[in-house]
Amino acid sequence: MTFYLGLTGGIATGKSTASRILKELGCQVIDSDLIAHQQAEVGQVSWQRILEEFGPDFFNEDKSLNRKKLGQYVFANPKALAKLSEITQGEVLKEVQKQMKDSQASVCVIDVPLLFEAGWQDYFDAVLLIAAPEEVELDRLMKRDSLSEAEAKRRMQAQLPLGEKRLLASYVLENTGTIEELRDKLSNLLKTIA
């Protein structure tokens, strides 16, 4: 029987690193962001709906989605972010659920950056939150995405505060140390659920 573990975190808290480690530790990982990217490729349903809603200004010459430009726009405009989420989430959830149903793994991790914001927590047996102090999160985000402090703070504020996510999560792992320390924490967690 498969144990379905939702994986989420604040922006730049190390969720992607945790996802990679969990895969290395033998879990199946379903990446909702990858699914969303695939569904926003030229001609796909989400691509068409984004084009209709936001217009051609957010697309490159080859008709591919200009993710950076769209990201800058939606993170500065909460209504646009909500609309983008509405467009993409339903299709992504269908594919996530299909892959979950097909899973043969003992632990299937579903990596969902905005898991609580989307209200998906009830689809999983448990939810793991990767957390870090706000100042660490801000610093990592600015470096990772080459953002100004104001831009990084806007992106962080577009998400549910980590304090609220902590209350909703089944498990919380603090990611303030090395990758090896995070690996140890994840390995220990798997021993309790697998």
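In this report, we go over the structure that sits alongside the text. (Residues numbered from 1 in each chain as written. Predicted model: local features only at pLDDT ≥ 70, side-chain atom pairs only at ≥ 80, totals over all residues. Heavy atoms only, no water.)

1. Re the sheet that holds strand E1 (residues 3-9)
Stage number 1. Strand order across the open sheet formed by 5 strands is E2-E3-E1-E4-E5, with parallel pairing between neighbours. Pairing within the sheet leaves two strands with one partner each, and these edge strands are strand E2 (28-31) and strand E5 (171-174). Pairs of neighbouring strands in the sheet enclose a mean axial angle of 25°, with direction left out of account.
Stage number 2. The sheet contact formed by E1 and strand E3 (residues 107-111) spans 5 bridges and is parallel. Bridging from a neighbouring strand, Leu 7 pairs with Asp 111 of E3.
Stage number 3. On the sheet, helix H5 (residues 78-102) packs against E1, E2 and E3 and is oriented at approximately 170° with respect to E2. (Pairing = 2+ DSSP bridges. Helix = DSSP H or I, 4+ residues; strand = E, 2+ residues; numbered from the N terminus. Axes fitted to C-alpha atoms, helices over the stretch in contact; angles between N-to-C directions. Contact = heavy atoms within 4.5 Å.)

2. Observations concerning the packing of helix H2 (residues 32-39) against H5
Think of two packed helices as two axes; the pair is described by the angle between the axes and how far apart they sit.
Stage number 1. At a closest axis distance of 9 Å, the pairing of H2 and H5 adopts a crossing angle of 120°. Judged by the angle between their axes, H2 and H5 are oblique. Seen from above, H2 lies across H5 with right-handed handedness. Between H2 and H5, the contacting residues are Ser 32, Ile 35, Ala 36 and Gln 39 on the first element and Thr 88, Glu 91, Val 92, Glu 95, Val 96 and Gln 99 on the second.
Stage number 2. Taken together, the residues of the contact of H2 with H5 break down into 4 nonpolar, 4 polar and 2 charged. (Parallel < 35°, antiparallel > 145°, perpendicular 65-115°, else oblique. Left-handed = near helix turned anticlockwise from the far one by under 90°. Nonpolar A, V, L, I, M, F, W, Y, C, P; charged D, E, K, R; others polar.)

3. A few points about the state of the cysteines
Stage number 1. Within the structure shown, the criterion is met by 0 disulfides.
Stage number 2. Here Cys 27 is not disulfide-linked; the sulfur of Cys 108 is the nearest cysteine sulfur, at 8.7 Å.
Stage number 3. Take Cys 27: its relative accessible area is 7%, and that puts it in the buried class. (Disulfide = S-S within 2.5 Å. Buried < 20%, exposed > 50% of the residue type's maximum accessible area, 1.4 Å probe, protein only.)

4. Focus: helix H1 (residues 15-24)
Stage number 1. Among the residues of H1, Lys 15, Ala 18, Ser 19, Ile 21 and Leu 22 are the ones counted as buried. The arc that holds the buried residues of H1, viewed along the axis, is 165°, so those residues lie on one side. Exposed side of H1, more than 90 degrees from the buried face: Ser 16 and Lys 23 are the residues found there.
Stage number 2. Looking at the buried positions of H1, the neighbouring elements they touch are E1, E2, E3, strand E4 (126-131) and helix H10 (179-193).
Stage number 3. The positive-phi residue at the C-terminal boundary of H1 is Gly 26, with phi of around 105°. (Arc of directions from axis to C-beta.)

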